[in-house]
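# Residue-level structural notes
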Amino acid sequence: MYLVVADKRYQKNIAMAMAQSVPLVLRLIASSVTAATRAGKIIRDIMSRGELGIVEKGKNDLQTEADRSAERCLMASLSQQYPNLTIIGEEGGSSCEVPSDWIVTDCDQHVLLQQCPSEYIDVPSSDVTVWIDPLDGTTEYTQGLLDHVTVLVGISVRGKAVGGVIHQPYYNYKSESADLMGRTLWGLVGLGTGGFQPVAPPTGKLILTTTRSHSNDLVNMALEAFKPDDILRVGGAGHKVLLLMEGKAHAYVFPSKGCKKWDTCAPEAVLTAMGGKLTDIHGGAYEYHKEVEHPNLRGVLATAQGVDHSAFVKKIPQEVRDALS
């Protein structure tokens, strides 16, 4: 028994030593994959207990015990491994003690084995900002629309979204086997994506996705301008961008100020890594450095791989542009 335990400790020490030789950005993605997966289990466990602890942060803006606990897991796990990093979470952090089994310091070995793009090899921690949304799609979570829920960890370098992890705690949740539930996707601009197989959207028709619970006149005006064949109204920015990645929609159109940097950093990075694009509704890039304002005040427009993003920008009505200039 002692030999088995000692051998496991030796293997873990070797793995940790190997991880330290990997460039920071790639190592951070590998750490985020395992931490986000653990946060997803916490989210499922809280739902199973049925004690959601819902509070209202503002109009149409809920927070649950799952949001708070998942963020504590992510913040503690990443902060312990990367004490000099700037990490910004939606829920603002917590001084509560974090259970030891919530702190994950392992790295995803598949990610560590990837070839890091040359532009990230020598990136210092001072150039990196991490954006965390511990539970994207909180309203839908409380309503039982579990496939809308994601855990988002976005990584920016010098203000640009370059890396992202998207965990779906309830992926395949209608399956009879709990072992098949959940999946974790990741992407690094210049390297590619992992954890899923990108799919191009269908030809011959136009499918848009947009907000389920935060619609307004500007959103409706923009959608009507595209004359789509179908509109998928779903919750969570992460879920909407996933629809683009899986070929279920061509574009995500949201000309409103509702999204924030922790909603879009990870999805933008993964989408860009697979050939898509996410900008404001004018086609301008968002910045994600640590001092940037948190709201995305110029709305969100994202397009799937193979879709002409500039053509979608041009179709946004001038009245909508002016309202979000």
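Quick note: structure is the one above.
So, here is what we can say about the structure in this document. Not measured: the values here are computed from a predicted model. (Residues numbered from 1 in each chain as written. Predicted model: local features only at pLDDT ≥ 70, side-chain atom pairs only at ≥ 80, totals over all residues. Heavy atoms only, no water.)

## Some remarks on the overall build of the protein
- For the protein, the count of helices and strands is 10 helices and 13 strands.
- Of the contacts formed within the protein by residues at least 6 apart in sequence, a portion of 70% connects residues at least 24 apart.
- Carbon and sulfur atoms provide 50% of the accessible area of the protein, an area that totals close to 14,600 Å². (Helix = DSSP H or I, 4+ residues; strand = E, 2+ residues; numbered from the N terminus. Contact = heavy atoms within 4.5 Å. Areas by Shrake-Rupley, 256 points an atom, 1.4 Å probe, with all protein chains shown as cover.)

## So, the sheet that holds strand β4 (residues 128-136)
- Strands sit in the order β3-β4-β5-β6-β7-β8 across an open sheet of six strands; the sheet is mixed. Two strands in the sheet have a free side with no partner beyond their single neighbour: β3 (86-89) and β8 (192-194). In this sheet, adjacent strand axes meet at a mean angle of 15 degrees when their direction is disregarded.
- Here strand β5 (residues 150-157) runs beside strand β6 (residues 160-168); their pairing, made up of seven bridges, is antiparallel. (Pairing = 2+ DSSP bridges. Axes fitted to C-alpha atoms, helices over the stretch in contact; angles between N-to-C directions.)

## Some remarks on helix α6 (residues 217-226)
- Considered for burial, the residues of α6 that qualify are L218, V219, A222, L223 and F226. In an axial view of α6, the angular spread of the buried residues amounts to 130 degrees, which keeps them on one side of the axis. Exposed residues lying more than 90 degrees from the buried face of α6 are D217 and E224.
- With a side-chain oxygen positioned 3.0 Å from the backbone nitrogen of L218, the residue opening α6 is N216. (Buried < 20%, exposed > 50% of the residue type's maximum accessible area, 1.4 Å probe, protein only. Arc of directions from axis to C-beta. Polar contact = N/O pair within 3.5 Å; in protein donor to acceptor, adjacent residues only side chain to side chain.)

## Observations concerning the sheet that holds strand β11 (residues 251-254)
- Strand order in the open sheet made by the five strands is β10-β9-β11-β13-β12, with mixed pairing throughout. Of all the strands in the sheet, the pair left with one neighbour each is β10 (230-234) and β12 (277-279). With direction set aside, neighbouring strand axes in the sheet form an average angle of 20 degrees.
- Sheet topology places strand β9 (residues 207-211) next to β10; five bridges connect them, and they run parallel. Within the sheet, the bridge partner assigned to T211 lies in β10 and is V234.

## Comments concerning unusual backbone geometry
- The phi dihedral of N172 is positive, around 65 degrees, even though this residue is not glycine.
- Looking at where N172 falls in the secondary structure, it is placed in the loop between β6 and β7 (183-188).
- For K227, which is not glycine, the phi torsion reads 50 degrees and is therefore positive.
- Examined against the element boundaries, K227 turns out to sit in the loop between α6 and β10.

## Considerations on the packing of helix α7 (residues 237-245) against helix α8 (residues 261-273)
- Following both chains from N to C, one finds α7 and α8 inclined at 10 degrees, their axes separated by 9 Å at the closest point. Classified by the interaxial angle, the pair formed by α7 and α8 is roughly parallel. By crossing handedness, the relation of α7 to α8 is classed as right-handed. Across from A237, G238, V241, L244 and M245 in α7, the residues of α8 making contact are D263, P267, V270 and L271.
- Residue composition of the contact of α7 with α8, grouped by class: seven nonpolar, one polar and one charged. (Parallel < 35°, antiparallel > 145°, perpendicular 65-115°, else oblique. Left-handed = near helix turned anticlockwise from the far one by under 90°. Nonpolar A, V, L, I, M, F, W, Y, C, P; charged D, E, K, R; others polar.)

## Structural notes on the packing of aromatic side chains
- One pass over the structure, following the stated rule, counts three aromatic pairs.
- Considering the side-chain rings of W131 and W262, the 6.4 Å spacing of their centres and the 45 degrees angle between planes classify their relative orientation as tilted. With W131 in strand β4 and W262 in helix α8, the pair connects residues that are 131 residues apart, well separated along the chain. Each member of the pair, W131 as well as W262, carries the same accessibility label: buried. (Phe/Tyr/Trp six-rings, centres within 6.5 Å; stacked < 30°, edge-to-face > 60°.)

## Some words on α7
- Summarising burial for α7: nine of the nine residues are buried, a large majority.
- Three or more residues of α7 are buried, namely A237, G238, H239, K240, V241, L242, L243, L244 and M245.
- Downstream of α7 by one or two residues, G247 has phi in the positive range, about 75 degrees.

## Remarks on the nonpolar core
- Ranked by size, the top nonpolar core spans 51 residues in total, and within it V128, V130 and Y141 carry the most contacts.
- Those elements that provide at least two residues to this core are α2 (24-49), α3 (65-81), α4 (109-112), β4, β5, β6 and β7.
- Ranked by residues supplied to this core, first place goes to α2 with 13 residues.
- Excluding its chain neighbours within four sequence positions, the residues that come into contact with V128 are L24, L28, L85, T86, V123, I155, S156 and V157.
- L242, I281, V300 and I316 belong to the second-largest nonpolar core, a separate cluster that totals 50 residues. (Core = buried A, V, L, I, M, F, W, Y, C linked by side-chain atoms within 4.5 Å.)

## Quick look at the environment of R38
- Mapped onto the elements, R38 comes out in helix α2.
- For the pair R38 and D101, spaced 63 residues apart in sequence, the C-alpha separation works out to 9.2 Å.
- R38 has contacts with C73, D101, W102 and V104, leaving out every residue within four places of it along the chain.

## Some details on the side chain of K261
- Within the element layout of this structure, K261 appears in helix α8.
- Here the side chain of K261 touches N296 through a polar contact of 3.0 Å, side chain to side chain.
- In this structure, K261 is in contact with W131, Y286, E287, Y288, V292, E293, H294, P295 and N296, ignoring residues within four places of it in sequence.

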